[in-house]
Amino acid sequence: MSTTLESAAGGRSAVRTLTRLWPYVRPVRKRLFWAALVAVVASCMSLVFPLVLKWMVDGPVAEGDTAGVWLGALLLLGLGVAEALLFGFRRWLVARPLAGVEASMRADLYRHLQRVPVAFHDRWASGQLLSRGTTDLMLIRLFLAFPLTFMVVNGATILVGVALLLAQDWTLGLVLLAPVVPLVVVVSYFEARFADVARRAQDQVGDLTTVVEESVLGIRIIKGFGRHRSQARAFRDLSRTLRGTELAKARLLAAIWGVITTLPELAIGGALVLGSVQVADGDLSAGTLVAFLSTALALRWPVESMGFLLAMSQEAATATERYFEVLDAEPESDPDTAAASGPDAADGMRFEGVSFRYPDADDDTPPTLTGIDLHVRTGETMALVGATGSGKTTLTALVPRLHDVSGGRITLDGEDIAHLPRQRVRELVSVAFEEPTLFSASVGENVLMGAGPDAGEQDLDHALSVAQADFVHELPQGADTQVGEQGLSLSGGQRQRLALARAVVGRPRFLVLDDPLSALDVHTEALVEAALRRVLKDTTALVVAHRPSTVLLADRVALLSGGRIAAVGTHQELLRDNAEYAWLMSGGSK
Ligand SMILES: Nc1ncnc2c1ncn2[C@@H]1O[C@H](COP(=O)(O)OP(=O)(O)O)[C@@H](O)[C@H]1O
Ligand SMILES: [Mg+2]
């Protein structure tokens, strides 16, 4: 579990990062543009208030014209209502399209996660992926909804307001503008610090998600070993760290906020004193001073809100960065020169000088597999035997191209699998692993996943009987019973049999089984084997096995030792000639 896996090394600019959102924003750009325009108009309306005030103070108020005062008041009311309506309209304009943007980004993330190689998932903590698909996307949507628009809106409002101020009285205007330079300096300093903390906080959310996920998935282990305390402590530590980071963020924000509010207040105070003196001296009309100060006050919110708008933008930039870290991972690619002709010559499954090293393994460790030469003839069942950690699972994962070989090649009926489209390889090869995974769906759907779209009831029944999974018929709704996380819990052996049924339902040409019978009792195992023997007759199979009874199912056995094929032969031959094999089969190790 690592935190900042591929955290972009320094020099990143929030703006450049955010421009990567453009392809997603493009479809809704018109809406966003109109929404921004509406908001600019609404916001500039607040600058009309001071002008009305000035007219009232210098006109009707000075002359005691009550009707005029009423007219002014009505005008102000009308302006207020119009402003509120326009802001409401803006929200309505953006809400739907932005929900669409978030949905399409999420869909892309999900699609991408399905297409990256298994090695990617080996490397990334699932919580990091979950948090990117949820929290980070929400931050991006919020950014598009508020800060993006309001930075434009506030910028425009401030410009118009400043122009009005300078037009009304340029000396007072300059007094108000004095804090701009220090503000820019201070804010850019805080922004840089905030960017770091924001990144840290979002990575920590990912780590926290990972812990929650592991605790939920591993709840039996945690309870069984009485580990709930230490797990709770791990969670508490992480959440305390996150809290610390969030507090650091809040402190930074408070500091920015403090500076951003104080400096303009001081300037406004200064202008008030200076302006009053001018009014007393008769150099300035009272109406102008009122207008001037209320314009300055109207600009307070646009200026002050810039602080948290910038902070939200920074968070969105971090979220965007984290999102694209996943999306930039190379998906599994297929060669352009895919052989169009399907394999025809029945040559079985061949490993030729295959070597394999996990992409994230240390350079100084030996490769997991080296110089593997193995030929499983058509229709033959080859058992793969080896001590724990000898590389059996790794070897089986190479056949459906869950990992690509580092050297040598694997052929299916004479075709190098590296030159076949993955899709085709996975149609040819069916797999079942020791850890059976069932999805939240019905039993039937789980099994038929292993077959083409036109597989039906008959194929399902056939597969269930091969896998000795007749218990399915006794389930409350038979094959329609929901299983997986949201359904009925099945025993380990029952799940293994369903996974096996899934592997054989498509009547694959090649079958790769990584110890799929380990959770079965000896009696059921014998029944499954008898049935498997019937299907395996037409199938070329590589079966990882531990027990002599499973090995007996095979025509020949290959012994994997230290990442190499140490011996190939029948069970009897190896038992006689190979000490390690004899030892393994006598229950020496599992
Ligand atoms: N995803 C992985 N990344 C790096 N090394 C791995 C990975 N999976 C397995 N290994 C290593 O490869 C070796 C062989 O593992 P494996 O193929 O699972 O053995 P077996 O199935 O025979 O018990 C072990 O040393 C294991 O630590
Ligand atoms: Mg294994």
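Higher on the page you've got the structure.
Reference entry: report on the structure contained in this document. The structure displayed is predicted, hence computed values, not measured ones. The residue numbering used here restarts from 1 in each chain and proceeds along that chain's sequence as written. Chain labels run from A onward and ligand labels from 1 onward, assigned in the order the entries are written. Note on the predicted model: pLDDT of at least 70 is required for a residue's local features to be given, and 80 or more for side-chain atom pairs to be given and counted; whole-chain, interface and lining totals, by contrast, use all residues. Side-chain metrics rest on all non-hydrogen atoms present in the structure, leaving aside hydrogens and water.

Looking at the pattern of salt bridges
Okay, so step 1: Within this document, salt bridges are pairs made up of a side-chain nitrogen of Lys or Arg and a carboxyl oxygen of Asp or Glu, the two lying within 4 Å of each other. Using the criterion set out here, one finds 25 salt bridges in the structure.
Okay, so step 2: Among the salt bridges present, the one from Arg20 reaches Asp328, with a minimum N-O distance of 3.0 Å. Here Arg20 is found in the loop between helix H1 (14–19) and helix H2 (22–25), whereas its partner Asp328 is found in the loop between helix H14 (300–327) and strand E1 (349–356), with 308 residues between them in sequence.
Okay, so step 3: Burial classification: accessible surface area is computed with a 1.4 Å probe over protein chains only, and a residue below 20% of its type maximum counts as buried, one above 50% as exposed, and the rest as partly exposed. A relative accessible area of 36% means that Arg20 is categorised as partly exposed.
Okay, so step 4: Across the pair Arg132 and Asp203 runs a salt bridge, and its minimum N-O distance is 3.9 Å. Residue Arg132 is found in helix H7 (residues 126–145), and its partner Asp203 is found in helix H10 (residues 180–217); the two are separated by 71 residues along the sequence. Accessibility assignment for this pair places Arg132 and Asp203 in one class, buried.
Okay, so step 5: Several salt bridges converge on common partners, so that one network encompasses Arg132, Asp136, Arg199, Asp203, Glu321, Arg322 and Glu325. Working definition: helices are DSSP H or I runs of at least four residues, strands are E runs of at least two. Numbering for both runs from the N terminus.

Remarks on helix H5 (residues 66–115)
Okay, so step 1: Here, expected helix span is obtained from the residue count minus one, scaled by 1.5 Å. Under the 1.5 Å per step criterion, the end-to-end length of H5 is 74 Å for 50 residues, consistent within 8% with the ideal 74 Å.
Okay, so step 2: Each residue is assigned a bend, namely the angle between axes fitted to the seven residues that terminate at it and the seven residues that start at it. Maximal helix bending in H5 amounts to about 30°, located at Ala95; proline Pro97 follows within four positions.

Considering unusual backbone geometry
Okay, so step 1: For Arg401, which is not glycine, the phi dihedral falls at a positive 60°.
Okay, so step 2: Relative to the elements of secondary structure, Arg401 occurs in the loop between helix H15 (392–398) and strand E4 (407–412).

Describing the site of ligand 1
Okay, so step 1: One heavy atom within 4 Å of a molecule or strand is enough for the residue carrying it to be called near that molecule or strand. All residues adjacent to ligand 1 are Asp122, Tyr358, Asp360, Thr368, Ala387, Thr388, Gly389, Ser390, Gly391, Lys392, Thr393 and Thr394.
Okay, so step 2: Between Lys392 and ligand 1, the recorded distance is 2.8 Å, taken from a backbone N or O atom to an oxygen atom.
Okay, so step 3: Considering ligand 1 on its own, with 560 Å² of exposed area, one finds that the protein chains cover 61% of that surface.
Okay, so step 4: For the shell around ligand 1, the element with the highest residue contribution is H15, accounting for three residues.
Okay, so step 5: Among the residues making up the shell around ligand 1, the classes are represented as two nonpolar, seven polar and three charged. Any pair of nitrogen or oxygen atoms within 3.5 Å is treated as a polar contact; in protein, a donor-acceptor pairing is required on top of that, and neighbouring residues in sequence qualify only through side-chain atoms on both sides. For the area figures, the Shrake-Rupley method with a 1.4 Å probe applies, and any residue is considered shielded solely by the protein chains shown. Here the nonpolar group is Ala, Val, Leu, Ile, Met, Phe, Trp, Tyr, Cys and Pro; Asp, Glu, Lys and Arg are the charged ones; every other residue, Gly included, is treated as polar.

Observations regarding the packing of aromatic side chains
Okay, so step 1: Stacked, tilted and edge-to-face are the three classes assigned to paired rings of Phe, Tyr and Trp, where Trp is represented by its six-membered ring and a pair needs centres within 6.5 Å; plane angles under 30 degrees give stacked, over 60 edge-to-face, the rest tilted. A full pass over the atoms with the stated rule returns ten aromatic pairs.
Okay, so step 2: Between Phe89 and Trp92, the aromatic rings sit 6.1 Å apart at their centres with planes inclined by 15°, giving stacked as the arrangement. On the criterion of helical spacing, the pair formed by Phe89 and Trp92 is a turn pair, its members being three residues apart in helix H5.
Okay, so step 3: For Phe89, a relative accessible area of 40% gives the class partly exposed.
Okay, so step 4: Overall, Trp92 belongs to the exposed group, its relative accessible area being 57%.
Okay, so step 5: One aromatic cluster is present, built from ring pairs that chain together Tyr24, Tyr323 and Phe324.
Okay, so step 6: Counting as a charge over the ring demands two things of the Lys NZ or Arg CZ atom: a distance within 6 Å of the ring centre and an angle within 35 degrees of the ring normal. For Arg20, the ring lying beneath its charged end belongs to Phe324, and the centroid distance is 4.0 Å.
Okay, so step 7: Here the basic side chain of Arg31 rests over the ring of Trp92, its NZ or CZ set 5.5 Å away from the ring centre.

Quick notes on the environment of Phe190
Okay, so step 1: Along the chain, Phe190 turns up in helix H10.
Okay, so step 2: Distance from Phe190 to Gln494, taken between C-alpha atoms, is 58 Å for residues 304 residues apart in sequence.
Okay, so step 3: Here, two residues are considered to be in contact whenever any of their heavy atoms come within 4.5 Å of each other. Setting aside residues no more than four positions away along its own chain, Phe190 makes contact with Leu252, Ala255 and Ile256.

Topic: the packing of helix H9 (residues 170–177) against helix H12 (residues 228–280)
Okay, so step 1: For the pair H9 and H12, the least separation of the axes is 8 Å and the interaxial angle reads 160°. The angle between the axes of H9 and H12 places the two elements in the roughly antiparallel class. In this structure, the crossing between H9 and H12 has a hand that is right-handed. Between H9 and H12, the contacting residues are Thr171, Leu172, Val175 and Leu176 on the first element and Ala267, Ile268, Gly270, Ala271, Leu274, Gly275 and Gln278 on the second.
Okay, so step 2: Looking at the contact of H9 with H12 residue by residue, the class counts come to seven nonpolar, four polar and no charged. Note on method: axes are straight lines fitted to C-alpha atoms, helices fitted across the in-contact stretch only, with angles between N-to-C directions ranging 0 to 180 degrees. Roughly parallel means an angle under 35 degrees; roughly antiparallel means over 145; roughly perpendicular covers 65 to 115; every other angle is labelled oblique. By definition, any crossing whose near helix is turned counterclockwise from its far helix by less than a right angle is left-handed, and any crossing with a clockwise turn is right-handed.

Some thoughts on helix H18 (residues 457–466)
Okay, so step 1: If you check which residues of H18 are buried, you get Leu460, Ala463, Leu464 and Val466. Here the buried residues of H18 occupy an arc of 160° about the axis, which is enough to place them on one side. Facing away from the buried side of H18 by more than 90 degrees, the exposed set consists of Glu457 and Gln458.
Okay, so step 2: Of the residues trailing H18, Gln468 is marked for its positive phi of about 55°. What the arc describes is the spread of directions from the helix axis to the C-beta atoms.

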